[in-house]
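Overview (structure and organization)
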Amino acid sequence: MDRAATLAEIAQEAGVSAPTVSKVLNGRADVAPATRERVEELLHRYGYRRRRGNRQTSPLLELVFHELESAWAVEVIRGVENAVRDEGLSIVLSESAERHGPGQSWVDGVLARRPTGVVLVLSDLDRSLREQLARRDIPFVVLDPAGDPGQEVPAVGTTNWDGGLAATRHLLDLGHRRIGLLGGPARMMCSRARADGYRAALDMAGIPYDPRLVREGDFHHESGRLLGLELLRLPERPTAVFAGNDLQALGLYEAARELGLRIPEDLSVVGFDDLPLARWVGPPLTTVRQPLTEMAETATRLVIDLARGVRPGTLRVDLATSLVVRSSTAAPRAQPAA
């Protein structure tokens, strides 16, 4: 078409009524998914977007977790609250029912609520869902993305590879050579990056990578305990283990106690996250600090800027990790001469 199509013409082409097209355009949830998808495609084709100046939003910020059940999530919530405190926004907190990210039912609710913006934690967002948010001018930012969100998706993460490298180098500098890895799920980008940092440190030290010393967990305490028992029962067990997060490290603590091993005398342990509980366990945990609160604050401020029409210089921000040395690591016990 040489001119913009009217809503009536779009309705005719879609085989629906003009009020239905208006509902889709204005983010109403009471439209069948197949109908909405058909109308969305036509609206996109003809360049329909609500003008930002007329955008009616609610003073809400949607915070969506992949799963919500640990001290890790509390640190993220604290950061979001810090950022919205002076913005007059309230937080809508939800947990995605789908395995890797929220689905259409969640987006329908968001379109109905019309929040100022959305922060998605450890989630993947299907392209069609992104487009629906974009067409309603609802900005979103992915915090600690599970996969590669792409250059066009605003995201805030941390230097996971550097953290894995620093954790493993610390153990190497103490004299450890049999260093185990309790990693997180391989499908998650942060897990792969931490494991790659571990491998890089071994390679730089001239130590061959030994897959027998590596286990893939799920970032939960029980995973650390069960997989830790596997590692510590090896005929040649590791003298040190880098755990993919603090919860798995605490599970490893429990495994060591079950086997009568002392930390750090018999086993050195390094975690990742630096949750508050890392300071209070016995012995206090050496860990890689991931600045979760600051990451959440950064993601929230980014989405608020996007809602105001402010385009940042970069859509990808990675905050630095740092090694926090406490009492769970020490030089390996000297082995008796053969």
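About the criteria used
- Residues numbered from 1 in each chain as written.
- Predicted model: local features only at pLDDT ≥ 70, side-chain atom pairs only at ≥ 80, totals over all residues.
- Heavy atoms only, no water.
- Helix = DSSP H or I, 4+ residues; strand = E, 2+ residues; numbered from the N terminus.
- Buried < 20%, exposed > 50% of the residue type's maximum accessible area, 1.4 Å probe, protein only.
- Contact = heavy atoms within 4.5 Å.
- Core = buried A, V, L, I, M, F, W, Y, C linked by side-chain atoms within 4.5 Å.
- Pairing = 2+ DSSP bridges.
- Axes fitted to C-alpha atoms, helices over the stretch in contact; angles between N-to-C directions.

Per an unreviewed UniProt entry, the chain carries the name LacI family DNA-binding transcriptional regulator and comes from Streptomyces sp. Y1.

1. A few points about the overall build of the chain
A count of helices and strands for the chain gives 11 helices and 12 strands. Its C-alpha atoms give the chain principal-axis dimensions of about 90 × 40 × 35 Å. For the chain, the residues scored as buried account for 53% of the 338 residues in total. Long-range pairs, those at least 24 residues apart, make up 73% of the contacts in the chain between residues at least 6 apart in sequence.

2. A short note on the nonpolar core
If you look at the biggest cluster of nonpolar residues, it comprises 30 residues, and the most contacted ones within it are Phe65, Trp72, Val119, Val121 and Leu143. Per-element accounting of this core gives the leading share, eight residues, to helix H11 (residues 292-307). The residues touching Trp72, leaving out its near neighbours within four places in the chain, are Phe65, Val121, Leu122, Asp144, Asp273, Leu275, Gln290 and Leu292. With 20 residues, the next largest nonpolar core counts Leu232, Tyr253, Ala255 and Leu285 among its residues.

3. Notes on unusual backbone geometry
That bond from Ile263 to Pro264 is cis: its omega, 10 degrees, falls within 30 degrees of zero. With respect to the helices and strands, the residue Pro264 is situated in the loop between helix H10 (246-258) and strand E9 (268-273). A positive phi is found at Arg114, a non-glycine position, where the angle reads about 55 degrees. Looking at where Arg114 falls in the secondary structure, it is placed in the loop between helix H5 (104-113) and strand E3 (115-121). Of note, Asp274 is a non-glycine position whose phi angle comes to about 60 degrees, a positive value. Here Asp274 is to be found in the loop between E9 and strand E10 (286-289).

4. With respect to the sheet that holds strand E11 (residues 316-319)
Here six strands make up an open sheet; going across it, the order is E2-E1-E3-E4-E5-E11 and the pairing parallel. Of all strands in the sheet, those with a lone pairing partner are strand E2 (90-95) and E11, marking the two edges. Put simply, the sheet's adjacent strands are angled 20 degrees from each other on average, direction ignored. For E3 and strand E4 (residues 140-143), the ladder comprises four bridges, and the chain directions are parallel. Residue pairing for E4: Val118 is matched across the bridge by Phe140. Against the sheet, H11 contacts strand E1 (58-65), E3, E4, strand E5 (155-158) and E11, and its axis sits at roughly 165 degrees relative to E4.

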